[in-house]
Structure formats: C-alpha cells, structure tokens
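Observations on the three-dimensional arrangement
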Amino acid sequence: MAPNPSTSNGNPTPTSLPLNNQIMGKLKPAKIFKTAVENQPPPTPGSQSQRPSNPTPRSITGITFDDRGDQLVTAGEDETFRLYSCKTGKLIKTLYSKKYGVDLPRFTHKNSAIIHASTKEDDTIRYHSLHDNKYLQYFRGHKGKVVSLEVSPIDDGFMSGSMDKTVRLWDLRTPTCRGLLSLPCPPITAYDSTGMVFAVAVNAFSKILLYDQANFDKAPFLTITLEDPTLALISYPPRPIYITSMSFSCDGKYLLVGCSGNGHYILDAFDGNLIAKLEGHIGLERKSMNLPQLIEPSKGISGEEVSWTADSRYVLGGSLDGRVIIWDVQNLQQRTDNERKAPLMRVQPIMALEGHPGPSRCVKFNPRFAMMCTAGNELAFWLPDPTGDAEETAKDLLKKKGTA
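A brief report on the enclosed structure follows. What you see is a predicted model; the values in this text were computed from it and never measured.

Rules of the game
Residues numbered from 1 in each chain as written. Predicted model: local features only at pLDDT ≥ 70, side-chain atom pairs only at ≥ 80, totals over all residues. Heavy atoms only, no water. Helix = DSSP H or I, 4+ residues; strand = E, 2+ residues; numbered from the N terminus. Areas by Shrake-Rupley, 256 points an atom, 1.4 Å probe, with all protein chains shown as cover. Salt bridge = Lys/Arg side-chain N within 4 Å of Asp/Glu carboxyl O. Buried < 20%, exposed > 50% of the residue type's maximum accessible area, 1.4 Å probe, protein only. Pairing = 2+ DSSP bridges. Axes fitted to C-alpha atoms, helices over the stretch in contact; angles between N-to-C directions. Core = buried A, V, L, I, M, F, W, Y, C linked by side-chain atoms within 4.5 Å. Contact = heavy atoms within 4.5 Å. Polar contact = N/O pair within 3.5 Å; in protein donor to acceptor, adjacent residues only side chain to side chain. Phe/Tyr/Trp six-rings, centres within 6.5 Å; stacked < 30°, edge-to-face > 60°.

This brings us to the overall build of the protein. Helices and strands together make up the secondary structure of the protein, namely 2 helices and 29 strands. Working note: accessible area of the protein is about 18,800 Å², and carbon and sulfur atoms make up 53% of it.

Taken as a whole and judged by the stated rule, the model has 20 salt bridges. Salt-bridge contacts for E79 lead to K120; the nearest nitrogen and oxygen are separated by 3.0 Å. Taken together, the positions of E79 in the loop between β3 (71-76) and β4 (80-85) and K120 in the loop between β7 (113-117) and β8 (125-129) put the pair 41 residues apart, joining distant regions of the chain. On the basis of relative accessible area, K120 is assigned to the partly exposed category, the value being 33%. For the salt bridge of E285 with R239, the shortest nitrogen-to-oxygen distance reads 2.9 Å. Of the two residues, E285 is situated in the loop between β21 (274-278) and β22 (306-308) and R239 in the loop between β17 (222-225) and β18 (243-248); the sequence distance between them amounts to 46 residues. There is no split in this pair, since E285 and R239 are both buried. Overlapping salt bridges, with partners in common, bring together R68, D70, K87 and R368 in one network.

Reading across from one edge, β18-β19-β20-β21-β25 is the order of the 5 strands in this open sheet, with mixed pairing throughout. Looking at strand neighbours, the two that pair on one side only are β18 and β25 (345-347), the edges of this open sheet. Averaged over all adjacent pairs, the angle separating strand axes in this sheet is 25 degrees, with direction ignored.

With that settled, the discussion passes to the sheet that holds strand β15 (residues 197-202). Read across the sheet, 4 strands follow the order β14-β15-β16-β17 without closing on themselves; strand pairing throughout is antiparallel. Because the sheet does not close on itself, it has two edges, and the strands there are β14 (187-191) and β17. Averaged over all pairs of adjacent strands, the angle between their axes in this sheet comes to 20 degrees, without regard to strand direction.

This paragraph deals with the nonpolar core. With 22 residues, the main nonpolar core has I208, L226, I243, M246, V257, Y265 and L267 as its most contacted residues. When residues no more than four places from it in sequence are discounted, the contact partners of I243 are I188, A201, N203, I208, L226, V257, G258 and C259. The next biggest cluster of nonpolar side chains, apart from the first, holds 17 residues, and it includes F33, F65, C86 and F381.

Judged by how many residues are buried, β15 sits mostly within the fold: 6 of 6 residues are covered. The two faces of β15 match: V197, A199 and A201 on one face and F198, V200 and V202 on the other face are all buried. For β14 and β15, the ladder comprises 5 bridges, and the chain directions are antiparallel. Across the sheet, residue P187 finds its bridge partner in β15, namely V202. Turn length for the β14-β15 hairpin, with the two strands adjacent in sequence and antiparallel, is 5 residues, and the turn residue G195 shows positive phi of about 75 degrees. As judged from the 6 bridges shared by β15 and strand β16 (residues 207-212), these two strands associate in the antiparallel manner. Note that in β16 the partner of V197 across the bridge is D212. Counting the residues in the hairpin turn of β15 and β16 gives 4 residues, including S206, whose phi is positive at 50 degrees.

The exposure class of E285 is buried, given its relative accessible area of 11%. Engagement of the side chain of E285 in a polar contact is seen with the side chain of R239, the distance being 2.9 Å. Beyond its immediate sequence surroundings of up to four residues, E285 is in contact with R239, S260, G261, Q293, E296, P297, S298, K299 and G300.

The next thing to look at is the packing of aromatic side chains. One pass over the full model with this rule turns up 9 aromatic pairs. Ring centres of Y100 and Y135 lie 6.1 Å apart, and the angle between their planes is 80 degrees; this geometry places the pair in the edge-to-face category. With a gap of 35 residues between them, Y100 in the loop between β5 (90-96) and β6 (103-107) and Y135 in strand β9 (residues 134-139) connect regions that are remote in the sequence. Of the residues examined, Y100 reaches a relative accessible area of 15% and is grouped as buried. Among the residues examined, Y135 registers a relative accessible area of 23% and is labelled partly exposed.

Looking along the chain, the bond that leaves Y236 and enters P237 is cis, with omega of 0 degrees. As for its placement among the helices and strands, P237 is situated in the loop between β17 and β18. Located in the positive-phi region is E79, a residue other than glycine, with phi close to 65 degrees. Although it is not a glycine, L104 sits at a positive phi angle of roughly 50 degrees.

Turning to the environment of S245, a few remarks are in order. Positionally, S245 belongs in strand β18. Taking the C-alpha atoms as reference points, S245 and H264, separated by 19 residues in sequence, lie 9.8 Å from one another. Setting aside chain neighbours within four positions, we find S245 in contact with I188, L256, V257, G258, G303 and V306.

Encoded structure:
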C-alpha cells in the first residue's frame, strides 16, 4: 500500500507497508509527547518532605497497542494511563489510578478495555473500561507485586507472574484463578502465537519452561537452559543473565528473550537451542549512563525494551545512550549439532536510530501499520519519512533519461 502522507488535519498517519531495510532506515519521530508523564512536583515551602528539589524525571513503564493498531495506551510512574490515537497522533484521554497505581497495561481483544497490574494498595489485577473509566472486574490472588502480564492471542484468557513466585492463569469472564504454577523464583511469562503454548522464565536458574496450555498442571514439555559462553570472555565468573521479557515470533519458530544487560537472545522455539545473541546496545538496568553498573543484574525501570516487528523480520530495542537499535533477523539459520559447538552467532545492528530524547525504556512496533512507538521520559511515534521518496523518484527518472 502506498504511503498516505497526512490526514485531513495535517498530522502524518501510519500506513501499511511491507517492511524492509529501506523503510526501517527512514523511521523518524513524527510526533513527540513531552508531557506523556508528569514529573514529580517539587516539595512545597515549609513542608517536611524529603524529596529533592530537582527529582529524577518520571518514566513510562509500559505500553500496549490494541489488536488493530489504532490505539495505544501507556502506563507511567505518575500513576496515570493515557490513551492515544495512532491514526491522528493525538492524546485522546488521560486516566488516573492514584489509589492503586498502574503498570503492565495490556489491551484485551476489545479496544475499549485493558487489564493492568497494581503498584500499591494490593497486588490485584484490574480490568478497566477505557470508555466508561470504571473497573469491570478485579482478579485477586497474588501475594506479591505482579511483574509479568500477558493476554492470550486467541481468547479471553490471560496469564500473570508475580513476586510471590507463582504464575496464575485467568479468564476475563470470571474473577477466580483457573490455574496456578508454583516456582522457585519470580517468573516472566509469554504466550506463543497460537495460544496453545506458553513459556515461563525462571531467572535464578537461567531456565525457560515451555508448557502445553491444555496440560499446564503437568510437567513442562521442554526445559531450556539459557547459557551464553561469550559472557565468560568479559568477566569470570560470568555475570548472570537477567531476563526481563519473552516473546515468540509470529510464525512460532523463534523465542526472543529480552534481558536487562548488553545482550538479547533468540532461541529455537521447538528444541530450545540458542541461535543468536543480539548485541550493539547498552542495557537499560541503570537509570542513567552516569551511574555505575552493579554486580548483581536487575530489571531496570521497564521490561519492555525489546520486541519484534509485526512480521518478525526485525527486532527493535532501546539503549541507555538514547539510540533505538534495529537488528535484521530474517536470515537466521538453525544450528546443527556440530555447529552448536562453534562460537555463538553474534548479530550486530543494521542501524541505530536517533531522535528520541533520553533512553527508550519501552519499544514496540504497531501490529498493523508501519509505525514504531518508543517511550521513556517522553513518548515518540515514529513513521517512515516520505521526503526521500521524491529524491529516489527523481534519480530513477534521470537514469531512464540517461539510458534513452
């Protein structure tokens, strides 16, 4: 589909385009929302507040697109969630959750409702109507902060992982948990594209467990040990891998493992073998480049710093130095038994985009349009810059004239 440069109100609008290196290289911020998250107010004169007079800026901690890619919701440290139109590039409404806090926003299969985790009061998952600005359901059961929340791609089921070391399976239609897994440490979860398989990462043991959705109460059908031999070349003993997110490719062949450090990983989703390590970025576990790296790895402000494009041809990731990194993963090859003994494939970025102020803590690609969203202290909508198309057309015309 040919790009449509603007809407009737003059704002650029996303379009459906087959993705390639040329399109990815043209991505530029079309709209930056500098007030996408409210900064912490300074203490009032005469108050006993211990807050510094120049507090650290607050950040967006989570973003989610609806199924059609028409709308985006952000959740921030300012305890607000904001609804944006991807077509007009405008803020639709700001909603507040000052009592419970908000994190891990996830659209259900209706673009008028989301579920989200709480950051205070309790650890309940809340089902919220964006249209009416009211809660439709409460999902109680976790005894610790929810750190992972994923909606099934095929039905009204969803899955949560918590600091209480459990994974719970839910259905939007009932407030009671329909399944429970107990684990040795807080888990990270992900559904595959069919909704029939889900993955659970156990950081303390560097394990990823794959379960059959229909037999989740049985043992996992595949247990993967995530080992990176290149880490021993940097320090010994090697620094532990801290998994912050997981996502399957659209064809179900690969599992992208996002980490807080300086590397992400792509695994074979069928046999669990490590295929490639994605490098070239600076991990987002620190709040700024000025702070020293700790010995023990940590999650950082958000665990949504890396994701696939909708066609799974590219992987996008944030970097602490403010760049947005793009890796081309179209030509990944399965490793044979002999090749697995060879050095690990280390994939470098094909490009690093600049234009988003500060580190991009959340990076996601629109599921339907050629549009990328990055979020940190500010929010940015990225679209392919159409100005280069005229130049390329002129070059083509000159070539044709030269050959005539």
